[in-house]
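One-letter residues, chain by chain:
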Amino acid sequence: MIDEYFYEVVALAALVGGGLFLAGLRNPVVFFYAGLFGTAILKTPELPIVREKFTIVELCLLCLWMCWPLLLKSRLPSKSTGLIYLWGGGFCIVCLSSSLIAITTAPPRMVTTRMAAWSLLEAINYCYGVAILWTCVQVLDTWQRWVGAIMSWVGGMAVASFVGAAAVAGVAPGWAYEETGRINSTLRNENQVPSMILPLLVIVLMIAVRRGLLMRYRGLALMIFIAALLTAVGTGSRTAALMIGLSGAGVVWILHSAMRSKLSVYRFQLVNLAIAFAGLVVVYFAFAWSQYDGKYSLMSTPSWQRPAVLLIEWSEGKRKIDYTRPQQIQNAMEYFWHSPVLGTGPKFGPAFAATGGEVHNTYFSLLLETGFVGLGAFLALIWLAAYLGFEAARKCRYPWYGILGRALIVGLFLLCLYNATMLGLRQRNIWFLLGMLLAFSDLVLSGVRPDTTMPRWIPQGWKAIYVDEDGDEDVSQTTQPALPGIGPVNPGWRPPALAGRSGKPDEATKSSAKRS
């Protein structure tokens, strides 16, 4: 696409980028939103060394960090920041140390200039992910900014989903397909699509049944939901099919808490959509199996049939669900014991363990290349985000925000499943989602009230998405959850005063809309 329409793409990018830059200078959080939205658009030219890794996301985050002094922030007490320094910083140190040790000690035949550069780049890439995580926690210091981050991701999800749905219908441009007919939409390959569109699948379903939201916006959310399902199926990914199934389980989990909230969602509609969702999954598998000719081929079997066919034949014992990944994991574990502490170094693992390419499993790849220390630090970040996010959702005094927090936890589990089948740390979504969950925990613990004044650039019809006015505003009993075996990170913490003696909002509350 870029080669065929080079000048058009450059002109459009200059126009959009110029407007974005001017908006970002006035309010740098715009750069953050644009970067999160940009995770859906990864079709970029390959550059020297970094190849295709420098995308819209990186450009926007660089602008954000350059404008950091202009970013107005509240004094939100954050326990997450210290935990990121501890576990995220440890993860970065392990990755960089492992890379440098490998470059200096590996056999000369393996340490070429290109391999050394790739290893350092991979380590820096992992550190960059931690920087994204830290940035999320620092930026998302109000409820409006937190919901704004969710909506930015939903916006990118909508673009990728609608282009993908058009590809399923056969009316999309050629760049939306891979050479085997599988759909990659606006991303570089089909395996990146599920990690972008499916983590927020439950979110858009909840928006579709949100009380107080105009019908046209709820209908749009439902259209995004259906388009995302079509796109995920069109990728021909077995992982996408499993993620959709896990999303259904997540809906059932959220349904229990949502049913207790009479004012947050239309409960009858939510139950019916949940049943329809389950029915669609069953109908898809049944229809795909009925149209299967019994001769599976990567080139001839339609991509939308492949997940159902492979999973059904695997369940019947007619084929293995995968041949490559088990062998890669076996080779990785056999070589892991040669360097169990810090690993072989990023990018060196496949060469030492002869895995025939990168290990298509984030956890075993980290175990091989950064040892159990690196893997342990990464798993600690995931566990902390999941635990603190769950505790925050359980104690959140605002039902709508609690539902969104639970939906993000479902998204985290979906990405954990995805990372069990792919090396997904180079993609930014896992880091953004971890940061959004930790920011959610900080917001709940600090007792911050929702801003009721909407910024002018947000449509007033979206107020029901951004503002939860149905919650219990008595935050005097808010406490920090203790981590098992650690205890409260800041035992002396107390909620900040939210209003003066007159009961009117303080100056920080008055200015929060401007900062958003």
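Numbers given to residues run from 1 along each chain, matching the order in which its sequence is written. For this predicted model, a pLDDT threshold of at least 70 governs which residues receive local features, and a threshold of 80 or more governs which side-chain atom pairs are given and counted, while totals over whole chains, interfaces and linings are taken from all residues. Based on all heavy atoms of the structure, the side-chain values leave hydrogens and waters out of the count.

## What about the environment of Ala117?
So, point 1. Numbering of helices and strands runs from the N terminus, with a helix taken as a DSSP run of H or I at least four residues long and a strand as a DSSP run of E at least two residues long. Structurally, Ala117 can be placed in helix H5 (residues 113-139).
So, point 2. Relative accessibility decides the category of a residue: with a 1.4 Å probe and only protein chains considered, values under 20% of the type maximum give buried, values over 50% give exposed, and everything between is partly exposed. Note on Ala117: relative accessible area 29%, which makes it partly exposed.
So, point 3. Between the alpha carbons of Ala117 and Ile103 there is a distance of 9.4 Å; along the sequence they are 14 residues apart.

## Some points on helix H4 (residues 80-105)
So, point 1. Helix span, as expected, comes to 1.5 Å for every residue beyond the first. The end-to-end C-alpha distance of H4 is 36 Å, a good match for the 38 Å that 26 residues give at a rise of 1.5 Å each.
So, point 2. Among the residues of H4, those classed as buried are Ser80, Thr81, Leu83, Ile84, Gly88, Phe91, Cys92, Val94, Cys95, Ser98, Ser99 and Ala102.
So, point 3. In this structure, the buried residues of H4 make contact with H5, helix H15 (362-395) and helix H17 (429-446). Any two residues having at least one pair of non-hydrogen atoms within 4.5 Å are treated as being in contact.

## Comments concerning the confidence of the model for the chain
So, point 1. Across the chain, pLDDT averages 83, with 84% of residues at or above 70.
So, point 2. pLDDT measures the predictor's confidence residue by residue and takes values from 0 up to 100. Confidence drops under pLDDT 50 across residues 473-516; counting only partners more than four residues distant or on other chains, this segment forms 75 contacts.

## Points about the packing of helix H11 (residues 267-290) against helix H12 (residues 306-315)
So, point 1. Each axis is a line fitted through C-alpha atoms, taken for helices only over the stretch in contact, and angles between the N-to-C directions span 0 to 180 degrees. Interhelical geometry of H11 versus H12 gives an angle of 85 degrees and a closest axis separation of 9 Å. Considered as vectors, H11 and H12 are oriented roughly perpendicular to each other. Only Pro307, Ala308, Val309, Leu311, Ile312 and Glu313 of H12 make contact with H11, whose side of the interface consists of Tyr284, Phe285, Ala288 and Trp289.
So, point 2. For this classification, Asp, Glu, Lys and Arg are treated as charged, while Ala, Val, Leu, Ile, Met, Phe, Trp, Tyr, Cys and Pro are nonpolar and the rest, including Gly, are polar. The residue inventory of the contact of H11 with H12, partitioned by class, reads nine nonpolar, no polar and one charged. Put simply, angles under 35 degrees are roughly parallel, angles over 145 are roughly antiparallel, angles from 65 to 115 are roughly perpendicular, and the rest are oblique.

## Description of unusual backbone geometry
So, point 1. Backbone geometry places Ser185, a non-glycine residue, at a positive phi of 55 degrees.
So, point 2. For Ser185, the location among the structural elements is in the loop between helix H6 (143-168) and helix H7 (193-197).
So, point 3. Of the residues examined, Ser185 reaches a relative accessible area of 0% and is grouped as buried.
So, point 4. Positive phi, normally seen in glycine, also occurs at Lys347, with a value near 80 degrees.
So, point 5. By the secondary structure assignment, Lys347 is in the loop between helix H13 (324-336) and helix H14 (349-353).

## Observations regarding the nonpolar core
So, point 1. Here, the term nonpolar core denotes a set of buried Ala, Val, Leu, Ile, Met, Phe, Trp, Tyr and Cys residues that are joined through side-chain atoms within 4.5 Å. In terms of nonpolar packing, the biggest core is built from 132 residues, with Phe32, Phe91, Trp146 and Trp431 touching the most fellow members.
So, point 2. In terms of residue count, H15 provides more of this core than any other element does, 15 residues in total.
So, point 3. Setting aside residues up to four positions removed in sequence, Phe91 forms contacts with Tyr126, Val130, Leu366, Gly374, Ala377, Phe378, Leu425 and Trp431.
So, point 4. By size, the runner-up hydrophobic cluster in this structure holds five residues, among which are Ala167, Ala172, Ala176 and Ile183.

## With respect to the pattern of salt bridges
So, point 1. Any Lys or Arg side-chain nitrogen located within 4 Å of an Asp or Glu carboxyl oxygen qualifies as a salt bridge. In total, this model carries six salt bridges according to the counting rule given.
So, point 2. For Asp141, the salt bridge is made with Arg145, and the minimal N-O distance between the two is 3.1 Å. For the residue pair Asp141 and Arg145, the accessibility class agrees, reading buried in each case.
So, point 3. Between Arg426 and Glu358 there is a salt bridge; the shortest N-O distance is 2.7 Å. Note that Arg426 is positioned in the loop between helix H16 (399-419) and H17 and Glu358 in the loop between H14 and H15, a separation of 68 residues in sequence.
So, point 4. The exposure class of Glu358 is partly exposed, given its relative accessible area of 26%.

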